[in-house]
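Examination of the molecular architecture
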Amino acid sequence: DISIREEYDPTFGRNEHINYLLDTAMLICNAIEEQKDRQRLKLKEEILDFLKANFNQPDLCLAMIAEEFNISETYASQFIKEQTGRNYTQHVEQFRMQKAEKLLKETDIPINRIAKMVGYYNKNTFYKSFKRVYGTSPKMYRESFKNFSK
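The shown structure was predicted, so the numbers you read here are calculated from the model rather than taken from an experiment.

Attention now goes to the side chain of S129. For S129, the position within the fold is in helix 6 (residues 123-134). Sequence-distant contacts of S129, that is, excluding residues within four places in its chain, are made with E93, M97 and Y120.

What follows is the structure, given as structure tokens:
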């Protein structure tokens, strides 16, 4: 909370007035920084929620985020990396792979269809991503999980 004197107090010396002004300026700067932190946190949460809700769209891109949140693509990219330590592509891939893993474990949906369901136009791209993340092909993953659960 910031309290500001309404009137000049002649009993205060010059240094006391300067210190008061400096303290007030510091309080204002801190309040502004706290507000910026809240806004950054809100934007980060909203962007991540947007990615979670839209990861299955094959055409999901930084331009969509920029348009949705009225920011530039460059800012969106830098902001995501700065706020989360991971880039946009890594987040999208994580959401897609988590959903694919769940579908492989819990359903018998064909792998090509799962690839489309989680946002991949091209099944080969899906296979490469899955193998990079899980160290095995989607087919082998599904088989090993089904064998393990028997």
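A pair of packed helices can be characterised by two numbers: the angle between their axes and the separation between those axes. Where helix 1 (residues 14-54) meets helix 4 (residues 88-106), the closest approach of the two axes is 9 Å, and the angle between their N-to-C directions is 45°. It follows from the interaxial angle that helix 1 and helix 4 lie oblique. Pair helix 1 / helix 4 crosses with right-handed handedness. Residue-level inspection shows L48, L51 and K52 of helix 1 in contact with helix 4, the latter providing Y88, H91, V92 and F95.

Turning next to the side chain of T24. Looking at the secondary structure, you find T24 in helix 1. Of the residues examined, T24 reaches a relative accessible area of 10% and is grouped as buried. A polar side-chain atom of T24 sits 2.8 Å from the main-chain carbonyl oxygen of Y20.

Along helix 2 (residues 62-69), the positions that sit buried rather than exposed are L62, I65, A66 and F69. Down the axis, helix 2 shows its buried residues gathered within 100° of arc, on one side only. Here the buried face of helix 2 lies against helix 1, helix 3 (73-84) and helix 4.

Reading the values: the criteria
- Residue numbering note: each chain is counted from 1, following its sequence as written.
- In keeping with the model being predicted, local features are shown solely for residues with a pLDDT of at least 70 and side-chain atom pairs are shown and tallied solely at 80 or more, while totals for entire chains, interfaces and linings include all residues.
- Hydrogen atoms and water are omitted, and side-chain values are computed over all heavy atoms in the structure.
- A run of H or I in DSSP counts as a helix once it spans at least four residues, and a run of E counts as a strand once it spans at least two, with each numbered from the N terminus.
- A contact between two residues is defined here by any heavy atoms of the two lying within 4.5 Å.
- Think of each axis as a best-fit line through the C-alpha atoms, taken over the contacting stretch in the case of a helix, with angles from 0 to 180 degrees between the N-to-C directions.
- Roughly parallel means an angle under 35 degrees; roughly antiparallel, over 145; roughly perpendicular, 65 to 115; everything else is oblique.
- Each crossing is labelled by how the near helix is turned from the far one, with a counterclockwise turn of less than a right angle marking it left-handed and a clockwise turn marking it right-handed.
- With a 1.4 Å probe rolled over the protein chains alone, any residue whose accessible area is under 20% of its type maximum counts as buried; one over 50% counts as exposed, and the rest are partly exposed.
- In protein, a polar contact means a hydrogen-donor-capable atom and an acceptor-capable atom, both N or O and within 3.5 Å, with residues adjacent in sequence counting only if both atoms are side-chain atoms; elsewhere, any N or O pair within 3.5 Å suffices.
- The directions considered for the arc run from the helix axis to the C-beta atoms.

These results come straight from atomic positions and should not be treated as a statement about function.
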